[in-house]
Amino acid sequence: MSSISKKRVHLYLIKPSSYDDDGYIVRYFRGVLPSNTLACLAALTERARERGILPGLELRTHLIDETVARVDVRKIARSNRGRNKAIVCLVGVQTSQFPRAADLAREFRKSGVTVLIGGFHVSGLLNTVSEIPAQMQDLLDSGVCLVKGEVEEAWDEILKDAVLDRLEPLYDFTETRPDLEHAPVPLVDRKYLKRFASSDFGTVDCGRGCPYKCSFCTIINVQGQKMRFRSPEAIEQAIRENYRARHVWFYFFTDDNFARNRNWEKIFDALTRLREIEGIPVSFMMQVDTQSHRIPRFIDKAASAGCSNVFIGMESINEENLKAAGKNQNNVGDYRNLIEAYRTAGIVTHAGYIVGFPHDTAESVQADLDRLMNEVQVDMASFFILTPLPGSHDYVRYLRDGVDLDPDFNNYDSFHQTMPHPGFPEKGSLVKTSHHAWNTFYNRHNMARVLNRCGEKRYWQLFRNFIWYKTAIVVERRHPMMAGFLRLKGRKQLRPGLAPLPRLEYLKTRAKELRLSMSALSAVFLEMQMLWLETRKQSELEKRIRTEIGQLSVQKIHLSDVQRAYAGVRASLPSVTVPSKLKLFFQKWNPFTLSGQFYRSEEVLGFWKRTSVELNRGRAWCVLRPTVIKRAWLDFKVTAHFAWALALKTGGEVSS
Ligand code: SF4
C-alpha cells in the first residue's frame, strides 16, 4: 500500500433513481422503502475499515439514495481533488434505473471520478447475452467498471483496486456466489433512514436465491437456485443492537422467498425470544410462496415472532397463465385456504399480481380481480405489468424470437408496457387495464370490506397502508413501493438530450402540477375519512341506526323516514338506551363526540359542491343558511376527529 498517496477516500454508495415520463429524475421529499443493497454495502465497507484494508487512509462512506436525495455531481467531483479521492459506486441498479445510472456514470467519468456499477441489471443482462451489449460497452470504454454478481467475499479487494486506480473493467462473481453465513448483516444508518416516512424501519436479506423457476423472474439467474443463508444468531444480534442503539424495530425481510429459508424456524424463535423475554417489540414483513401455509408451524411461529404483513407471489388466478410462466407450484384452488391461514394468525396478506400474461385480456383481468377480491379475499394487492427483465428466461426467449421489445430500459418498471401483447391490441390498453386493476382493488367499497373483516389488531396498520397506496396510485401515479411522499423536481434535473423549459414556463407547469397534486391529495384525504367513518368501531346503537338509514333511499331522506328508522332500532334493541332528542342535539354540537354523526357519504360532497356553485353564482347569502352552518360544523368536527385518530394511531408503532 505504499503507493497510496491520497489521504482521505470518499466512498459514495449511490442508489440511482429513474426518469419519469417527462424525463425528470424521480425524487421525493420522503421515501417509503429504504434500499437493502445500500445497507449491505455499508456493512461490507464497515468490515473493510475494521480489517484495516486501507492503512494510513481515512475512509468516509456516504450513502445516497437518489429517490430521496439529490446527487450533486459537481460537489462529489470536488471531493476528488488534492489529497482526497472520490469513488462512486452505483449500487443495486435495477433495469429501470440503469439509464439513469449510466448517465450519472458518464457525468462522473467526465470529472475523472472512479465509477463502478453493480446490481441486478448488470448481473442479469451479462448473464443472459453472449456479447457485451452496446450500452455497457460504451460505459466500459469511458472507464466505468462493471461488477457482475454478489460482492460479499470480494469487496475488500475491489475497494483496494479502486483506491489504487487499478480496477478491472469487469468483475464477475456469478460463478462463485458468496456464502452468507459469515457475511456482515446489513447496516442500519439512522441518518439515511431519516429520509423515509418511517425511520424505525430496517431491511435484512436473511437468505438469497430461490429453488423455483418462474420464467419472468431474474432471481434464479442472478442469485441462483441454490439458496444461501445468513446466520440466525447474527440476525438476532443485529436486530437487538439496532433496537437498543438506533430504535429500529420494524423490518422488511427482503428474501424473495422467506418460506424456503432453511433457518426460518430458528429466526422466528429468536425473534419471539427478543419480543417475549427482552421486551423488544420487533415486527416485520416478509415475502413467501403460495405453499408456505403447508409448512408445519410456519404461520403460527411467524405470528409469534411479530410478522405483521406477508407478501405472497400469487401472480395470477388464471391456471393457464401460471402454467405459461412456469409457476407450477401455485395452486389456485388453494389460494383461499392460504389467505385464511394467515388471516387467522392475524397477519395481513398482500398478493403480488401480474397483468399481461399470455392469456390475459381486459375482460379476463376484470373477472380475475372479482375473484381475487370476493373469493380469495386477499387484504392487499400489488399489480405489475409483465416485464421481460434482462436476466429472466422470458427475456432470452423474446430476444431469440425477435419480439419487438422496448429499447428504453427506463420503462422496465412494471408500470409501462414494454412489449406487444395480442390480448391488448389497442395502444395503451394494457397500461389502462393495470390502472383499472389498482383502482378497482383500492376502491372504497373493497377497502371497507377488508377493514371490516380484519379485526381491531390490524385495523390501523391496514388503514395506514391504504393511505400510502391510495396516495401513490392517485397522486403520484407510480407503484406504491417505488413512490414516496411529495414529489420534488429540478428544472434542469432532466434526462440528457432534453432541453429544460424556460424558467417562467417551468414555474407555471410546476404550479399547475402542485395544484393538481393538492387536489388529488384532498380527494384521497376525504375518501379515507369516509372510509374511516364507515369502518371505525361504533357503538351497537350507532351501527343499528346506520343499517336502518342505509335501507332508506339515499336520494331523498325525509324526517319521517329517519323517525321510522329510530323506531326500528328501539324495537330491535330494547336494551340500548336511545338518546333523547335533546341529548342528540347536544351530541351533535359537542366537539368531543362523533356519536351524532350517523351518516356521511358522497351526499356531503354533493352538498358542498352545490353550495360552491351557488357561491360562484354570486349568491353569497346562501352560506349563512342554518343548514350550511350546521353541516360546516359537523364536517369540521369529523375532520378534526379523523385527523386526531390518524395522528394517534399511525404516528407510533404498529401494533404487533
Ligand atoms: S418469482 Fe418468486 S418463486 Fe418464482 S423464481 Fe422468482 S423468487 Fe422464486
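For the structure given in this document, a descriptive report is provided here.

Basis of the calculations
Per chain, the residues get numbers from 1 upward, laid out in the order the sequence is written. Local features in this predicted model are restricted to residues whose pLDDT is 70 or higher, and side-chain atom pairs enter the listing and the counts only when it is 80 or higher, whereas totals over whole chains, interfaces and linings include all residues. Only heavy atoms go into the side-chain values, all of them from the structure, while hydrogens and water stay out. A run of DSSP states H or I qualifies as a helix once it reaches four residues; a run of E qualifies as a strand once it reaches two. Both are numbered from the N-terminal end. Only protein chains enter the area calculation, which uses a 1.4 Å probe; residues under 20% of their type maximum are buried, those over 50% are exposed, and those in between are partly exposed. Residue contacts are counted whenever heavy atoms from the two residues lie within 4.5 Å of one another. Working definition of accessibility: Shrake-Rupley area with a 1.4 Å probe, residue cover restricted to the visible protein chains. Following DSSP output, two strands are said to pair if at least two bridges run between them. Here the axes come from fitting lines to C-alpha atoms, over the contacting stretch only for helices, and the angles between their N-to-C directions go from 0 to 180 degrees. Read the arc as the range of directions from the helix axis to the C-beta atoms. Throughout this document, a residue counts as near a molecule or strand when at least one of its heavy atoms sits within 4 Å of that molecule or strand. Here the term charged refers only to Asp, Glu, Lys and Arg, the term nonpolar to Ala, Val, Leu, Ile, Met, Phe, Trp, Tyr, Cys and Pro, and the term polar to all other amino acids, Gly among them. Residues form patches when they are more than 30% accessible in relative terms and have no salt bridge. Like charges link within 9 Å. Nonpolar side chains (Val, Leu, Ile, Met, Phe, Trp, Tyr) link within 5 Å. Salt bridges are defined as contacts in which a side-chain nitrogen from Lys or Arg sits within 4 Å of a carboxyl oxygen from Asp or Glu. Think of it this way: Lys and Arg go in the positive column, Asp and Glu in the negative one, and His and the chain ends go nowhere. Every charge is mapped onto a representative atom, which is NZ of Lys, CZ of Arg, CG of Asp or CD of Glu. Working rule for helices: expected span equals 1.5 Å times residues minus one. Here a polar contact is taken to be a pair of N or O atoms separated by no more than 3.5 Å, where protein atoms must pair a possible hydrogen donor with a possible acceptor and residues adjacent in sequence count only if both atoms sit in side chains. For Phe, Tyr and Trp, rings pair up if their centres lie within 6.5 Å, where Trp contributes its six-membered ring, and each pair is then called stacked (planes under 30 degrees apart), edge-to-face (over 60) or tilted (otherwise). Any Lys NZ or Arg CZ found within 6 Å of a ring centre and within 35 degrees of that ring's normal is scored as a charge over the ring. Among the buried residues, those of types Ala, Val, Leu, Ile, Met, Phe, Trp, Tyr and Cys that are joined through side-chain atoms within 4.5 Å form a nonpolar core. Every definition here rests on a 1 Å grid over the protein atoms only: cavities are sets of points where a 1.4 Å probe fits but cannot get out, pockets are open sets enclosed by protein on both sides within 12 Å along at least five of seven lines, and lining residues have some atom within 4 Å of a point. Grid points are joined across faces, edges and corners, and a volume is the space filled by probe spheres set on the points. Orientation labels follow simple angle bins: below 35 degrees gives roughly parallel, above 145 gives roughly antiparallel, 65 to 115 gives roughly perpendicular, and whatever is left gives oblique. Handedness of a helix crossing follows the sense of rotation of the near helix relative to the far helix, less than a right angle counterclockwise being left-handed and clockwise being right-handed.

### Overview of the overall build of the chain
- Broken down by element type, the chain carries 24 helices and 16 strands.
- Of all 656 residues assigned to the chain, the portion counted as buried reaches 55%.
- Within the chain, residue pairs in contact and separated by at least 24 positions form 78% of the contacts whose partners lie at least 6 positions apart.
- Surface summary for the chain: the accessible area is close to 30,100 Å², and the carbon and sulfur share equals 54%.

### Quick notes on the sheet that holds strand S6 (residues 145-148)
- On the basis of which strands lie adjacent, the open sheet formed by six strands has the order S3-S1-S4-S5-S6-S7 and parallel pairing. The open sheet has two edge strands, strand S3 (58-65) and strand S7 (170-172), and neither has a second partner. For this sheet, the mean angle separating the axes of adjacent strands, direction not counted, is 20°.
- Pairing analysis gives four bridges linking strand S4 (residues 84-90) to strand S5 (residues 114-118), with the strands arranged parallel.

### Some remarks on helix H15 (residues 393-400)
- Within the span of H15, buried status applies to Asp394, Tyr395 and Tyr398. The arc that holds the buried residues of H15, viewed along the axis, is 100°, so those residues lie on one side.
- Packing partners of the buried residues in H15 comprise helix H4 (120-128).

### Focus on the site of the ligand
- Around the ligand, the structure places Cys210, Tyr212, Cys214, Phe216, Cys217, Ile220, Asp256, Lys327 and Gln329.
- Its residues placed into classes, the shell around the ligand shows six nonpolar, one polar and two charged.

### A look at a positive patch on the surface
- A cluster of basic residues, Arg70, Arg74, Lys75, Arg78, Arg81, Lys492 and Arg503, forms a positive patch at the surface.
- The element best represented in the positive patch is helix H2 (residues 73-78), accounting for three residues.
- Turning to its location among the elements, arginine 70 is positioned in the loop between S3 and H2.

### Regarding the environment of arginine 262
- You can see arginine 262 is positioned in the loop between strand S11 (250-253) and helix H10 (264-276).
- By relative accessible area, arginine 262 is classed as exposed at 60%.
- Those residues within four positions of arginine 262 in sequence are excluded, and the remaining contacts are Glu181 and Phe229.

### Brief notes about helix H1 (residues 36-50)
- Over its 15 residues, H1 runs 21 Å from end to end, which matches the ideal 21 Å to within 8%, given 1.5 Å per residue.
- The buried fraction of H1 amounts to 11 of the 15 residues, a majority that puts the element mostly inside the structure.
- Residues of H1 that are buried in the fold lie against strand S1 (8-15), S3, helix H6 (155-163), helix H7 (190-193), strand S8 (201-204) and strand S9 (207-208).
- Capping the start of H1, serine 35 holds a side-chain oxygen 3.3 Å from the backbone nitrogen of threonine 37, two or three residues further along.

### Examining the pattern of salt bridges
- For the structure shown, the criterion picks out 40 salt bridges.
- With its nearest N and O atoms 2.7 Å apart, the salt bridge here joins glutamate 534 to arginine 444. One end of the pair, glutamate 534, is in helix H19 (residues 503-535); the other, arginine 444, is in helix H17 (residues 444-454), with 90 residues separating them in the sequence.
- One connected set of salt bridges, linked through shared partners, spans Glu150, Glu152, Asp205, Arg208, Arg228 and Arg230.

### Description of the sheet that holds S8
- If you trace the six strands from one edge of the open sheet to the other, you get S8-S11-S12-S13-S14-S15, paired in parallel fashion. Both outer strands of the open sheet, S8 and strand S15 (380-385), are each paired with one neighbouring strand and no more. Neighbour to neighbour, the strand axes of the sheet diverge by 20° on average, direction disregarded.
- For strand S13 (residues 307-315) and strand S14 (residues 348-355), the ladder comprises five bridges, and the chain directions are parallel. Paired with isoleucine 312 across the bridge in S14 is alanine 351.
- Sheet contacts for helix H13 (residues 335-344): strand S12 (283-288), S13 and S14; angle to S13, the most-contacted strand, approximately 170°.
- Each of S13, S14 and S15 is contacted by helix H18 (residues 456-476), which is oriented at about 25° to S15, the strand it contacts most.

### Brief notes about the packing of aromatic side chains
- Under the defined criterion, the tally for this structure stands at 31 aromatic pairs.
- Between tyrosine 251 and phenylalanine 253, the ring centres sit 6.3 Å apart and the planes meet at 25°, which makes this aromatic pair stacked. Each member of the pair, tyrosine 251 as well as phenylalanine 253, carries the same accessibility label: buried.
- Taking the ring centre of phenylalanine 29 as reference, the NZ or CZ of arginine 30 above it sits at 4.3 Å.
- Above the ring of tryptophan 532, the side-chain terminus of arginine 536 is found at 5.5 Å from the ring centroid.

### Brief notes about unusual backbone geometry
- The phi torsion at glutamine 377 lies on the positive side, around 60°, for a residue other than glycine.
- Inspection of the secondary structure puts glutamine 377 in the loop between helix H14 (362-376) and S15.

### Describing the nonpolar core
- Among the nonpolar cores identified, the biggest contains 118 residues, and Met286 and Phe298 are the most heavily contacted of them.
- The greatest single-element share of this core, amounting to nine residues, is contributed by H18.
- With residues near it in sequence (within four places) discarded, methionine 286 still touches Phe253, Phe258, Phe268, Phe298, Ala302, Cys307, Asn309, Val310, Phe311 and Tyr342.
- The next biggest cluster of nonpolar side chains, apart from the first, holds 41 residues, and it includes Val144, Tyr398, Leu405 and Met419.

### Topic: empty space enclosed by the protein
- This structure, assessed with the given rule, holds one cavity of 30 Å³ or more.
- Its boundaries defined by the atoms lining it, the largest cavity holds a volume of some 70 Å³.
- If you trace the largest cavity, you find it lined by Pro34, Ser35, Ala39, Leu187, Val188, Asp189, Tyr192, Leu193, Phe201, Gly202 and Thr203.
- If one sorts the elements of the lining of the largest cavity by residue count, S8 sits on top with three residues.
- Of the residues assigned to the lining of the largest cavity, the class counts are seven nonpolar, three polar and one charged.

### Quick notes on the packing of H18 against H19
- Relative to each other, H18 and H19 sit at 155°, their axes nearing to 10 Å. With respect to each other, H18 and H19 are oriented roughly antiparallel. As H18 packs across H19, the resulting crossing turns out to be right-handed. Every residue of H19 that contacts H18 at Tyr459, Trp460, Phe463, Phe466, Ile467, Lys470, Thr471, Val474 and Val475 is listed here: Ser517, Ala520, Leu521, Val524, Glu527, Met528, Leu531, Trp532 and Thr535.
- Of the residues in the contact of H18 with H19, the class split is 13 nonpolar, three polar and two charged.

### Considering the packing of H10 against helix H11 (residues 298-305)
- Direction vectors running N to C along H10 and H11 enclose 30°, while the axes themselves pass 8 Å from each other. One element, H10, and the other, H11, form an angle in the roughly parallel class. Considering how the two elements wind past one another, H10 and H11 form a crossing that is left-handed. Between H10 and H11, the contacting residues are Trp264, Glu265, Phe268, Asp269, Leu271, Thr272 and Arg275 on the first element and Phe298, Lys301, Ala302, Ser304 and Ala305 on the second.
- Of the residues that constitute the contact of H10 with H11, the class distribution is six nonpolar, two polar and four charged.

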